[in-house]
Every structure is written in C-alpha cells, then in structure tokens.
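# Reading the structure
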Amino acid sequence: MLHVTKLAVGVRDTDHLRRMQATRMRDHPPLRHRTRNFPRRRSEVIDGGSMYWVIAGTMLARQRILDIIEDQRDDQTACASFILDPEIVALAGRPTRPFQGWRYLDPDGAPLDLPAIGAILGLDSLPAALRHELRALCLL
C-alpha cells in the first residue's frame, strides 16, 4: 500500500474541503481529483492508499483512493483522475513544506487519524481554527 499527498490550494480548513467536495460530488459525480500525471505505482496506491491533503501548510485530512483512471478535463486535455471516497478523515496533522503536483507517501510517514487520538484528548471539541493554530505551532 502507498499513499499520495496533495496541496489543497485555496482550501482554508477541513470543513471548507468538506463543503467544496460535497458540491463537486453533487454536481459532477463521482468525486474525483484530476491531475496531469498518471501514477506509475497505481496498483500500490489503489490497494488501500489515501489522498493526504495539505491545507495551509499542514497535512490535515485524508480520503481513501478508490481508483485511478485516465480522464479528460473540460477542454478535452488528457489527465488522470483519483476517484475518492467521500468520507474525509481528520488527521493529527503534520507541518508540510509546499511542493508542486502530488507526492507518494509511505504509510510509516503518514500522520495518525485525529479520531483515534482526538477523542481521547478531547480535541474534537476545540474549534477548527484553534486546532489549526495548535498544529501550526506543533503543539498537536
């Protein structure tokens, strides 16, 4: 299994990502993220891998990748589409430097899901903006 990381450009927080994707899924199903380059390691990614979203400099959310297909943009340009599970899982977070495109992520380097530790620590009850600031300061 292998994961993928991607910058969520223009996304403010995990709730904003949820709202944007709900609109996309309603208007143009299935839920997908289009990208120029087709991954050479497709079989490893679709074997349980997830898209790890970097939001405002921190890896904050993930979605399971259901499939990767050849696709076309609205202007008929060829591209690859990551077909995503609509469920967005919040992460404990990890500061991440900017990069272009997407990158592979080894499962050992992936941050933990927030519900696993958030429920224990009561982090789910904190406002999203406060959680984001605490992650940026590496306090979460």
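For the structure given in this document, a descriptive report is provided here. Nothing here was measured: the structure is a model prediction, and the numbers come from that model.

As a further point, take the environment of methionine 51. Relative to the helices and strands, methionine 51 is located in strand β3 (residues 50-55). Assessed through its relative accessible area of 0%, methionine 51 is described here as buried. With 43 residues separating them in the primary sequence, methionine 51 and alanine 8 have C-alpha atoms 11 Å apart. For methionine 51, the contacting residues outside a window of four places in its chain are Val4, Lys6, His33, Ala61, Arg62, Gln63, Ile65, Phe82 and Leu84.

Its location among the elements puts leucine 139 in the segment after α4 (128-136). Classification of leucine 139 as exposed rests on a relative accessible area of 59%. Between the alpha carbons of leucine 139 and histidine 3 there is a distance of 25 Å; along the sequence they are 136 residues apart.

Pairing is possible between side chains that carry opposite charge, provided their charged atoms lie close to one another. On inspection of all chains with the given rule, the structure shows 9 salt bridges. As a salt-bridge pair, aspartate 71 and arginine 32 come within 2.7 Å of each other at their nearest N and O atoms. Of the two residues, aspartate 71 sits in strand β4 (residues 58-72) while arginine 32 sits in strand β2 (residues 32-35), which places them 39 residues apart along the sequence. Look at aspartate 71 and you get buried, because its relative accessible area is 18%. Of the charged contacts in the structure, one is a salt bridge between arginine 62 and aspartate 113, with a shortest N-O distance of 2.9 Å. Of this pair, arginine 62 sits in strand β4 while aspartate 113 sits in the loop between β7 (102-105) and α3 (114-121), and the two are 51 residues apart along the sequence. What makes arginine 62 buried here is its relative accessible area of 17%. Here the salt bridges share partners, and the residues they tie into one network are Arg32, Arg34, Asp71 and Asp74.

Let us now look at the pairing of β3. Of all 6 residues in β3, 6 are buried, a share of seventy percent or more. Covered by surrounding structure in β3 are Ser50, Tyr52 and Val54 together with Met51, Trp53 and Ile55, the residues of both alternating faces. Two elements, strand β1 (residues 3-7) and β3, share 4 bridges in a ladder whose sense is parallel. Of the residues in β3, the one forming a bridge with lysine 6 is tryptophan 53. Bridge count for β3 against β4 is 6 bridges, and the pairing is antiparallel. When the bridges of β4 are listed, tryptophan 53 appears paired with alanine 61. Connecting the antiparallel pair β3 and β4 is a turn made up of 2 residues, with alanine 56 showing a positive phi of about 50°.

Taken as a whole, the largest pocket spans an internal volume of roughly 440 Å³. Lining of the largest pocket is provided by 18 residues; of these, Arg24, Arg32, His33, Arg34 and Arg73 occupy positions nearest its centre. Of all elements in the fold, only β1, α1 (14-27) and β2 reach the threshold of two or more residues within the lining of the largest pocket. Top contributing element to the lining of the largest pocket by residue count: α1, with 4 residues.

Rules behind the numbers
- Residues numbered from 1 in each chain as written.
- Predicted model: local features only at pLDDT ≥ 70, side-chain atom pairs only at ≥ 80, totals over all residues.
- Heavy atoms only, no water.
- Helix = DSSP H or I, 4+ residues; strand = E, 2+ residues; numbered from the N terminus.
- Buried < 20%, exposed > 50% of the residue type's maximum accessible area, 1.4 Å probe, protein only.
- Contact = heavy atoms within 4.5 Å.
- Salt bridge = Lys/Arg side-chain N within 4 Å of Asp/Glu carboxyl O.
- Pairing = 2+ DSSP bridges.
- 1 Å grid on protein atoms, 1.4 Å probe; cavity = no way out; pocket = protein on both sides within 12 Å on 5 of 7 lines; lining within 4 Å.
- Points joined across faces, edges and corners; volume = space filled by probe spheres on them.

Interpretation note: all reported values are geometric properties and have no functional meaning in isolation.
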